[in-house]
Amino acid sequence: MTAAVFFGCAFIAFGPALALYIFTIATEPLRVIFLIIGAFFWLVSLLFSSLFWFVARTITANKDGPIQKYLLILGVLVSVLIQELFRFVYYKLLKKASEGLKSINPDETTPSMRLLAYVSGLGFGIMSGVFAFVNTLSDSLGPGTVGIHGDSPQFFLNSAFMTLVIILLHVFWGIIFFDGCEKKKWSALLIVLLTHLLVSALTFISPHYGINLVSTYMIMLLMGIWAFFVAGGSCRNLKLCLLCQDKDFLLFNQRSR
Amino acid sequence: MLTFMASDSEEEVCDERTSLMSAESPPPRCCQEARQGLEDGENAAQWMPWPPGTRASGPQPAGWSFHLESTTQTAHVHFHDTRARRRRAHRGRSLWPSPCGFPQRSQDSEEDFEDDADHYVCGGVPGQPSGLEEELTLKYGAKHVIMLFVPVTLCMIVVVATIKSVRFYTEKNGQLIYTPFTEDTPSVGQRLLNSVLNTLIMISVIVAMTIFLVVLYKYRCYKFIHGWLIMSSLMLLFLFTYIYLGEVLKTYNVAMDYPTLFLTVWNFGAVGMVCIHWKGPLVLQQAYLIMISALMALVFIKYLPEWSAWVILGAISVYDLVAVLCPKGPLRMLVETAQERNEPIFPALIYSSAMVWTVGMAKLDPSSQGALQLPYDPEMEEDSYDSFGEPSYPEVFEPPLPGYPGDELEEEEERGVKLGLGDFIFYSVLVGKAAATGSGDWNTTLACFVAILIGLCLTLLLLAVFKKALPALPISITFGLIFYFSTDNLVRPFMDTLASHQLYI
């Protein structure tokens with residue numbers, strides 16, 4: 001496997017996330033910190049899910065056979081639940097921190113909850129994508145032939161696209177989730193949880209990449225549109241932005257120059 | 001150890017050591033000024049900010065022995081704030097800590113203020129609500145966290161990249177004399193016992209060295225300390241760099257003739273010695289400090305046996321905690337001695353990330369305006385991360401402006417955070433070990449990296465709250481160790497199984 005595969009897959013998977021980071025987060029220290037804390041929370045959730053799976057496996061005394069597969073499926077579903085739980089915990093923490101910051105310096109522009117939703121979603125997404133894909137990426141630098149035993153030769157590409165969609169989904173889920181928490185719309189939380197479970201469950205049909213990827217991308221588009229409207233976008237805004245007629249945006253850009 | 005420190009005291013030390021500083025920098029008179037409170041504007045103008053980046057952080061410790069002990073006492077983070085402190089003194093508030101790093105509570109500050117005019121303990125009646133102090137703390141807090149994240153990340157990246165590519169540093173090739181017990185024992189119990197014994201020996205060596213250093217410092221044997229540090233940094237910058245370069249060239253099968261090698265190593269080492277011990281651009285100095293920390297960490301990763309390394313990491317965090325926080329701890333005594341003498345707390349082995357921040361000014365003479373506002377803008381200052389420590393800065397700030405009207409303070413602030421090089425080294429050792437062991441697993445390395453950053457963040461938060469010298473190792477190393485062992489044993493099998501079935505969570 002060549003350097004082309006490595007770089008190609010790396011940029012497919014992490015390119016948008018890197019761009020989002022560079023253009024929206026890297027300039028503000030507070031956002032970087034919240035991003036890293038978000039990544040940490042995802043890591044802790046992964047730790048708990050691994051612990052659950054490990055304990056379950058030890059209880060069933062490591063027998064081989066279909067039970068391992070069921071345990072794995074159970075592990076995945078429990079992991080999704082724990083991830084969303086930790087997203088909620090992070091929301092609570094941010095709410096407290098936000099109030100604290102606001103009370104301390106009222107005239108400073110503390111990040112709004114929407115911004116923190118985006119940052120936390122990106123943190124979760126980046127960590128999730130990195131953990132899922134980095135080992136595969138490093139293997140792609142080494143020697144080998146993909147699919148020599150009859151597996152699909154598109155293994156790396158599929159993984160890269162899947163990682164990309166997971167990262168973007170986490171961003172959108174973060175926005176929708178936090179908005180649901182803010183407005184006490186528990187149906188939003190439930191839908192986020194269900195779509196996350198759906199996306200993970202879709203990966204169970206793993207050799208059939210086509211269905212898997214296409215449906216996940218459809219879900220991502222839907223979530224993206226929903227997150228756009230939740231974050232305050234509207235068709236009018238979008239039109240103004242695309243036609244470069246958005247006065248606020250143009251003025252803001254001029255000022256910062 | 002993390003501390004806040006106003007760099008007033010450093011001005012005087014730096015007068016002798018760093019000549020990039022403007023010669024006319026007036027002696028800080030914040031106490032008197034605060035008392036008078038009248039010619040505030042005038043005096044404020046006279047308080048030329050001490051240019052950052054000119055601090056000559058001392059030499060690296062010589063070789064193994066000194067380095068071991070100095071690493072522990074280098075866990076410092078200093079937080080400089082000349083201007084803000086003076087401004088607050090001027091406004092009659094005693095919010096900011098004294099130059100020597102320990103915060104003076106407002107009740108004490110009055111007396112200290114009267115007693116010792118040279119101590120720049122800013123006394124005065126707190127005339128502003130404390131919320132403002134905390135606001136400023138937090139406002140500067142996030143920036144400083146990032147100012148430390150970046151060098152720590154860079155050091156770790158260098159170490160991990162080297163470990164993953166150069167095989168030399170993962171090969172077992174003997175042990176240090178400080179860890180005499182081997183780990184090639186038949187039984188687990190014996191191995192554990194050996195690693196604990198190794199740790200005990202190492203930590204006692206470190207404690208002995210630290211106490212020796214404190215004693216030397218107390219009895220003002222500066223020449224001895226400087227000579228020692230110069231020897232150790234010579235060794236690091238020349239010998240270890242030569243070995244490192246040799247191994248990297250071997251790995252990539254690049255041939256280099258001896259004259260070129262000599263030229264490269266000589267230039268690197270000589271510039272490094274000048275930058276670290278004498279004067280140099282801040283960025284270059286920081287880069288050299290990061291490189292020598294990485295080199296030292298690589299040496300530790302190579303020569304410390306497996307289990308001993310982990311036990312040593314744990315033990316040294318405990319030692320750091322004890323040494324910095326206990327009243328009789330050597331590092332605390334060092335800090336206090338430096339405070340009494342109004343000297344910077346052992347500038348050797350400390351990474352500093354001073355930053356100059358100019359906020360707008362009011363009612364200036366056109367001449368002074370030009371001089372003082374060049375070349376900084378507030379937005380530019382805040383946004384451009386690498387704008388700190390420009391060497392041209394001192395020339396801009398010429399002697400006091402006599403005609404400075406009004407009492408609008410020029411709100412120039414110099415804020416910096418300092419972290420001891422020992423912290424860099426041990427963070428990198430942890431992450432490097434995580435990268436070296438484990439079956440080529442990147443997840444463990446990344447988990448340790450995030451854990452250490454979060455620990456550093458928490459430590460800086462505590463620093464902002466407590467405003468006194470704090471150990472930087474315990475929280476980060478604890479998180480790092482927890483995440484290393486749990487990721488290696490729990491998360492790795494889980495993620496590997498998921499990856500092999502191509503499941504995504």
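Residues numbered from 1 in each chain as written. Chains lettered and ligands numbered in written order. Predicted model: local features only at pLDDT ≥ 70, side-chain atom pairs only at ≥ 80, totals over all residues. Heavy atoms only, no water.

A. How the structure looks around the overall build of chain A. Counting secondary structure elements, chain A contains nine helices and zero strands. Secondary structure elements of chain A, listed N to C terminal, follow the sequence α-α-α-α-α-α-α-α-α. For chain A, the C-alpha radius of gyration of 20 Å lies close to 18 Å, the compact-globule estimate for 257 residues. Looking at chain A residue by residue over its 257 residues, the buried ones come to 46%. Contacts in chain A between residues at least 24 apart in sequence constitute 76% of all its contacts with a sequence separation of at least 6. Surface summary for chain A: the accessible area is close to 13200 Å², and the carbon and sulfur share equals 72%. Positive and negative side-chain charges of chain A, numbering 18 and 12 respectively, have mean locations separated by a distance of 6 Å. (Helix = DSSP H or I, 4+ residues; strand = E, 2+ residues; numbered from the N terminus. Rg over C-alpha atoms; globule rule 2.2 N^0.38 Å. Buried < 20%, exposed > 50% of the residue type's maximum accessible area, 1.4 Å probe, protein only. Contact = heavy atoms within 4.5 Å. Areas by Shrake-Rupley, 256 points an atom, 1.4 Å probe, with all protein chains shown as cover. Lys, Arg positive; Asp, Glu negative; His and termini not counted. Charge placed at Lys NZ, Arg CZ, Asp CG, Glu CD.)

B. Just helix 17 (residues 421-436) of chain B, in detail. Compared with the 22 Å implied by 1.5 Å per residue over 16 residues, the 22 Å span of helix 17 of chain B between its first and last C-alpha is a close match. Burial runs high along helix 17 of chain B: 15 of the 16 residues are buried. (Expected span 1.5 Å × (residues − 1).)

C. Highlighting the pattern of salt bridges. Applying the stated criterion to the full structure yields seven salt bridges over all chains. Measuring nitrogen to oxygen at the nearest pair gives 3.0 Å for the salt bridge that ties Glu84(A) to Arg87(A). With Glu84(A) and Arg87(A) both in helix 3 (residues 66-104), this residue pair falls three residues apart, about one helical turn. The salt bridge partner of Arg332(B) is Glu336(B), with a shortest N-O separation of 3.3 Å. Placement of the pair is Arg332(B) and Glu336(B) together in helix 13 (residues 330-340), with a separation of four residues, close to one helical turn. (Salt bridge = Lys/Arg side-chain N within 4 Å of Asp/Glu carboxyl O.)

D. Just the side chain of Ser50(A), in detail. Tracing the backbone through its elements, the reader meets Ser50(A) in helix 2 (residues 29-59). Among the polar contacts listed, one links the side chain of Ser50(A) to the backbone oxygen of Leu46(A), at a separation of 2.7 Å. (Polar contact = N/O pair within 3.5 Å; in protein donor to acceptor, adjacent residues only side chain to side chain.)

E. Just the interface of chain B and chain A, in detail. Between chain B and chain A, the residue contacts involve 38 residues of the former and 46 residues of the latter. Taken together, the two surfaces of chain B and chain A that pack against each other cover about 3700 Å², and 77% of this comes from carbon and sulfur. On the chain B side of the contact with chain A, Gln502(B), Tyr504(B) and Ile505(B) bury the most area, a combined 23% of that side's loss. Taken together, the connections running from chain B to chain A amount to zero salt bridges. Broken down by secondary-structure element, the contributors of at least two residues to the side of chain B that touches chain A are helix 7 (130-165), helix 18 (442-466) and helix 19 (473-501) of chain B. (Buried area = accessible area lost by both parts, 1.4 Å probe.)

F. Local environment of a nonpolar patch on the surface. All names here are of chain A. On the surface, a nonpolar cluster with roughly 580 Å² of combined accessible area is contributed by Ile225, Phe228, Phe229, Leu238, Leu242 and Leu243. Elements that contribute at least two residues to the nonpolar patch include exactly helix 7 (209-230) and helix 8 (235-242). Here the nonpolar patch gets three residues from one element, more than from any other, and that element is helix 7. Its location among the elements puts Phe229 in helix 7. (Patch = residues over 30% accessible without salt bridge, like charges linked within 9 Å, V, L, I, M, F, W, Y side chains within 5 Å.)

G. Structural context of the UniProt feature "transmembrane region" (unreviewed entry) in chain A. Residue and element names in this part refer to chain A. On the UniProt side, "transmembrane region" (unreviewed entry) is annotated at positions that read residues 6-25, 32-55, 70-94, 115-135, 155-176, 188-205 and 211-231 here. In residues 115-135, helix accounts for 100% and strand for 0%; the two terminal C-alpha atoms are 31 Å from one another. Counted over residues 211-231, helix gives 95% and strand 0%. Its end C-alpha atoms are 30 Å apart. (UniProt positions renumbered as here; feature names shortened; annotations may be inferred.)

H. Representation of the environment of Ser152(A) in the model. All names here are of chain A. Secondary-structure assignment places Ser152 in the loop between helix 4 (113-140) and helix 5 (155-182). Taking the C-alpha atoms as reference points, Ser152 and Gly65, separated by 87 residues in sequence, lie 24 Å from one another. Those residues in contact with Ser152 that sit more than four places away from it in its chain are Val146, Gly147 and Tyr209.

I. Highlighting the nonpolar core. Residues Phe131(A), Phe300(B) and Tyr427(B) are the most contacted members of the largest nonpolar core, which totals 159 residues. Per-element accounting of this core gives the leading share, 15 residues, to helix 2 of chain A. (Core = buried A, V, L, I, M, F, W, Y, C linked by side-chain atoms within 4.5 Å.)

J. Structural view of the packing of aromatic side chains. Going through the model one piece at a time under the given rule, you end up with 30 aromatic pairs over all chains. Judged by centre distance (6.5 Å) and plane angle (85 degrees), the ring pair of Phe40(A) and Phe41(A) falls under edge-to-face. Phe41(A) gets classed as buried once you look at its relative accessible area, which sits at 14%. With centroids separated by 5.1 Å and ring planes inclined at 50 degrees, the aromatic side chains of Phe268(B) and Tyr288(B) adopt a geometry described as tilted. A residue pair is termed long-range when its members are at least 10 positions apart, and Phe268(B) in helix 10 (residues 258-277) and Tyr288(B) in helix 11 (residues 282-303) qualify at 20 residues. An aromatic cluster of three or more residues is present, and its members are Phe40(A), Phe41(A), Phe48(A), Phe86(A), Tyr90(A), Phe124(A), Phe479(B) and Phe483(B). Here Lys164(B) stacks its cationic end above the ring of Trp442(B), 4.7 Å away from the centre of that ring. The side chain of Lys302(B) reaches across the aromatic face of Tyr303(B), ending 5.6 Å from its centre. (Phe/Tyr/Trp six-rings, centres within 6.5 Å; stacked < 30°, edge-to-face > 60°. Lys NZ or Arg CZ within 6 Å of the ring centre and 35° of its normal.)

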